[in-house]
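Close look at the chain arrangement
Here is how the chains run, residue by residue.
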Amino acid sequence: MSETSAALREPWPDLARQREGVAFGVWIFLATEVMFFGALFLGYAVYRTLYAEAFREAAAETELFYGVVNTVVLLTSSFTMTVAVRGADLGYRRLTIACLWVTLALGIGFLVGKGFEYHADLVKGYFPGPHFPLPVRQTQIFWAFYWVMTGVHAVHLSVGIGLVMVVAILLGRRTLTLDSATVTAVGLYWHFVDLIWITLVPLIYLTGHS
Amino acid sequence: MNSQQQQKPSPLRLWLDAGLIWLGLFALLALNVFLSFVPFGSDSVAVHMTVSFAMIVLLVVFFMDFKAYTALLRLTVLAGVFWLTFMFVLTACDYFTRQ
């Protein structure tokens, strides 16, 4: 049995239709994710409009260094994921698998950086509650959004890391063939997690430092 | 080696093509960070989101291969954007027009 026939699943007549079907399904899922994160961004926009000065003051306390370094890490992971997906399309097995592992390592690096950042935030006491260090009460709303949005993003990234690991292992064992649409599907999800982070960076890190 | 194999891009070509977009994303990130030290006042969110939007366009068009999508896939992506916009506009009509 050739690799092509092994990758083809019911009910698709050919691999091209199967790949389009998979991409269609993933984008339907991503559209629901857009609405999920969109509701968070919308809530942020409303409260930022109502309490602009408090949000600016609160955003000034975020760790810009960690935010920028983690963005660089995540953009680089999208770069290696792109090479992995295109490598799979062209039949470069070793390149694809290597790039998937590098992508996975960068994803873990992002979470480690996030851990250091969370530690720094907690040491300074920036968790909404009775002992919050900033005097203006509405700054706690910003920090509530900070914890929820970055936390939910980290959960999504963790799922992505798991998916990339499974695909890399299955490709390595040849259980999954390169022309399977699975690599493309995981790639789309990974890029989407990066897209969400690109949206979060200005809202959290960049608007309070001028 | 058949003609299709001879024509397919080399691994180096893949790195270079994706690397160009990667550099573009880096340049836009650097611009966004630089702008965070410029006092834009109440316009700062709009300025930063504009740069971030450019990054998202690069990511979706080139890394997520939107440019190669069929009409069905493009419509699916745009439907997501449409409903997101719809949600923002309806909410803005309420909050930002209150007396």
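Everything quoted here is computed from the prediction, not taken from an experiment.

With omega at 5°, the peptide bond leading from Glu10(A) into Pro11(A) counts as cis. The phi dihedral of Arg174(A) is positive, around 65°, even though this residue is not glycine. The class for Arg174(A) is exposed, based on a relative accessible area of 56%. One non-glycine residue, Asp65(B), lies in positive phi territory at about 65°. Structurally, Asp65(B) can be placed in the loop between helix H3 (44-63) and helix H4 (71-95).

This part covers the pattern of salt bridges. Residue and element names in this part refer to chain A. Under the counting rule described, the total for this entry stands at seven salt bridges over all chains. In this structure, Glu63 engages Lys124 in a salt bridge whose closest nitrogen and oxygen atoms are separated by 2.6 Å. Remark: Lys124 occurs in the loop between helix H5 (93-123) and helix H6 (139-172) and Glu63 occurs in the loop between helix H3 (52-59) and helix H4 (64-90); sequence separation between them is 61 residues. A relative accessible area of 19% means that Glu63 is categorised as buried. Among the ionic pairs, Glu117 bridges to Lys114, the shortest N-O distance being 2.7 Å. Of the two residues, Glu117 and Lys114 are both situated in helix H5; the distance of three residues between them amounts to about one turn of the helix.

Residues and elements named next belong to chain A. Grouped together as the largest cluster of nonpolar side chains are 87 residues, with contacts concentrated most on Phe142 and Trp143. Here the element with the most residues in this core is helix H7 (residues 182-206); it accounts for 18 residues. Among all residues touching Trp143, those that are not within four sequence positions of it are Ala58, Glu61, Thr62, Asp121, Tyr126, Pro128, Phe132 and Leu134.

All names here are of chain A. Secondary-structure assignment places Gln140 in helix H6. Placed 107 residues apart in sequence, Gln140 and Glu33 show a C-alpha to C-alpha distance of 26 Å. Residues within four places of Gln140 in sequence aside, it is in contact with Pro128, Gly129 and Phe132. From its side chain, Gln140 meets the backbone nitrogen of Gly129 in a polar contact 3.0 Å long.

Criteria and cut-off values
Residues numbered from 1 in each chain as written. Chains lettered and ligands numbered in written order. Predicted model: local features only at pLDDT ≥ 70, side-chain atom pairs only at ≥ 80, totals over all residues. Heavy atoms only, no water. Buried < 20%, exposed > 50% of the residue type's maximum accessible area, 1.4 Å probe, protein only. Helix = DSSP H or I, 4+ residues; strand = E, 2+ residues; numbered from the N terminus. Salt bridge = Lys/Arg side-chain N within 4 Å of Asp/Glu carboxyl O. Core = buried A, V, L, I, M, F, W, Y, C linked by side-chain atoms within 4.5 Å. Contact = heavy atoms within 4.5 Å. Polar contact = N/O pair within 3.5 Å; in protein donor to acceptor, adjacent residues only side chain to side chain.

Just geometry here; none of it tells us what the structure is for.
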